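Notes for the structure review
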Amino acid sequence: MESKITIQKIKQALILLSNHLPLEQITVQQIIDVSHVSRSTFYKYFENIPFLWHCITHDLLNSMSHPNMPIKLTTNLDATPITVIDLASITDMQRHSYLNNYASFLYRYRGIIRNLLDKNGDPFFLKKWQNILYQNHLSRLEKEKYPEIMKKKTAKFLAEAEQNSCLQGILLDDENKILDTVVTIEHIIHSLCQQYRP
């Protein structure tokens, strides 16, 4: 139990420091000072700060599947699979609620997302996030019997478009842009699928 609390304290310390300092100025010493752990304890769990950012990426992406909850800083240090919500299996009303919560989640955690985008953050964050979006869109297109020949390319295009537009909203501190993006992508998917319904 103590190790779980320690891991969470170290992650929280990095997030707190990143709100006040440029990432390139954050040191292991500062993290251990804020988290009140020893240097050997830090290195017991994290090989370096980039690996710590990688673990925070995992937590953020996992939390996206439950966007109405606060980000859950886990104690997982391994490559456990990221939970992806199956948007194809929920009702339209549930999907609408999820999308609103998801947009608010992205806006609420825009500081962490910006830090992950920094050259000293996690270089794999964007690719992992885009893969989650791709899987969500592909699953929805498959459920709606969208033509096989266009399914993967369409899902990839929609994932890239959604991610790029959401990132603009995050960088501009524009919550409405983020919400408009996720709602627009939902409308596009709905319209595309309507074309192929019997």
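For the structure itself, look to the data block above.
Residues numbered from 1 in each chain as written. Predicted model: local features only at pLDDT ≥ 70, side-chain atom pairs only at ≥ 80, totals over all residues. Heavy atoms only, no water.

1. Here we look at the overall build of the protein chain
Of regular secondary structure, the protein chain possesses 9 helices and 0 strands. C-alpha extents for the protein chain along the principal axes are approximately 65 × 35 × 30 Å. Split into buried and exposed, the 198 residues of the protein chain put 44% on the buried side. Considering only intrachain contacts with a sequence separation of at least 6, the fraction spanning at least 24 residues in the protein chain is 64%. If you sum the accessible surface of the protein chain, you get close to 10700 Å²; carbon and sulfur atoms cover 55% of it. Taken as two groups, the 22 positive and 20 negative side-chain charges of the protein chain have centres that lie 3 Å from each other. (Helix = DSSP H or I, 4+ residues; strand = E, 2+ residues; numbered from the N terminus. Buried < 20%, exposed > 50% of the residue type's maximum accessible area, 1.4 Å probe, protein only. Contact = heavy atoms within 4.5 Å. Areas by Shrake-Rupley, 256 points an atom, 1.4 Å probe, with all protein chains shown as cover. Lys, Arg positive; Asp, Glu negative; His and termini not counted. Charge placed at Lys NZ, Arg CZ, Asp CG, Glu CD.)

2. Topic: helix α4 (residues 49–63)
The end-to-end C-alpha distance of α4 is 21 Å, a good match for the 21 Å that 15 residues give at a rise of 1.5 Å each. With respect to burial, α4 is a largely interior element, 13 of its 15 residues being buried. Two or three places before Phe-51, at the opening of α4, Asn-48 has a side-chain oxygen 2.8 Å from that residue's backbone nitrogen. (Expected span 1.5 Å × (residues − 1). Polar contact = N/O pair within 3.5 Å; in protein donor to acceptor, adjacent residues only side chain to side chain.)

3. Things to note about the packing of α4 against helix α6 (residues 110–117)
Viewed as axis vectors pointing N to C, α4 and α6 meet at an angle of 135°, and their least axial separation amounts to 11 Å. Of the possible angle classes, the one that applies to α4 and α6 is oblique. Like other packed secondary-structure pairs, α4 and α6 cross with a definite hand, here left-handed. For the pair α4 and α6, the contacting residues are Trp-53, Ile-56, Thr-57 and Leu-60 in the first and Ile-112, Ile-113, Asn-115 and Leu-116 in the second. Across the contact of α4 with α6, the residue classes tally to 6 nonpolar, 2 polar and no charged. (Axes fitted to C-alpha atoms, helices over the stretch in contact; angles between N-to-C directions. Parallel < 35°, antiparallel > 145°, perpendicular 65-115°, else oblique. Left-handed = near helix turned anticlockwise from the far one by under 90°. Nonpolar A, V, L, I, M, F, W, Y, C, P; charged D, E, K, R; others polar.)

4. Re the environment of Cys-193
Within the fold, Cys-193 resides in helix α9 (residues 175–195). Looking at Cys-193, the relative accessible area reads 1%, which means it is buried. In this structure the C-alpha to C-alpha distance between Cys-193 and Arg-140, which are 53 residues apart in sequence, comes to 9.0 Å.

5. Notes on the pattern of salt bridges
Per the counting criterion, the structure on display carries 8 salt bridges. The partner of Arg-95 in a salt bridge is Asp-92, with the nearest N and O atoms 2.6 Å apart. Taken together, the residues span about one helical turn, with Arg-95 and Asp-92 both in helix α5 (residues 92–108) at a distance of 3 residues. The salt bridge involving Arg-95 is made with Glu-186; its shortest N-O contact spans 3.7 Å. Of the two residues, Arg-95 is situated in helix α5 and Glu-186 in helix α9; the sequence distance between them amounts to 91 residues. (Salt bridge = Lys/Arg side-chain N within 4 Å of Asp/Glu carboxyl O.)

6. Remarks on the side chain of Glu-186
For Glu-186, a relative accessible area of 16% gives the class buried. Apart from residues no more than four positions distant in its own chain, Glu-186 is found in contact with Arg-95, Leu-99 and Arg-140.

7. Considerations on empty space enclosed by the protein
Taken as a whole and judged by the stated rule, the model has 2 cavities of 30 Å³ or more. Of the volumes computed, that of the largest cavity is approximately 190 Å³. Leu-87, Tyr-98, Leu-133, Asn-136 and His-137 are the residues nearest the centre of the largest cavity, which is lined by 20 residues in total. Contributions of two or more residues to the lining of the largest cavity are made by α5, α7 (125–143) and α9. In terms of residues, the lining of the largest cavity owes the most to one element, α7, which gives 5 residues. Here the residues of the lining of the largest cavity sort into 13 nonpolar, 4 polar and 3 charged. (1 Å grid on protein atoms, 1.4 Å probe; cavity = no way out; pocket = protein on both sides within 12 Å on 5 of 7 lines; lining within 4 Å. Points joined across faces, edges and corners; volume = space filled by probe spheres on them.)

8. As for the packing of aromatic side chains
Taken as a whole and judged by the stated rule, the model has 6 aromatic pairs. When the ring of Phe-42 is compared with that of Phe-46, the centres are 5.9 Å apart and the planes differ by 40°; the resulting orientation is tilted. On the numbers, 4.8 Å between centres and 55° between planes, the contact of Phe-105 with Tyr-109 is tilted. Through a chain of ring-to-ring contacts, the aromatic side chains of Phe-42, Tyr-43, Phe-46 and Phe-51 assemble into a single cluster. The ring of Tyr-107 is capped by Arg-110, whose NZ or CZ atom sits 3.9 Å from the centre of that ring. (Phe/Tyr/Trp six-rings, centres within 6.5 Å; stacked < 30°, edge-to-face > 60°. Lys NZ or Arg CZ within 6 Å of the ring centre and 35° of its normal.)

These figures capture arrangement, not role.
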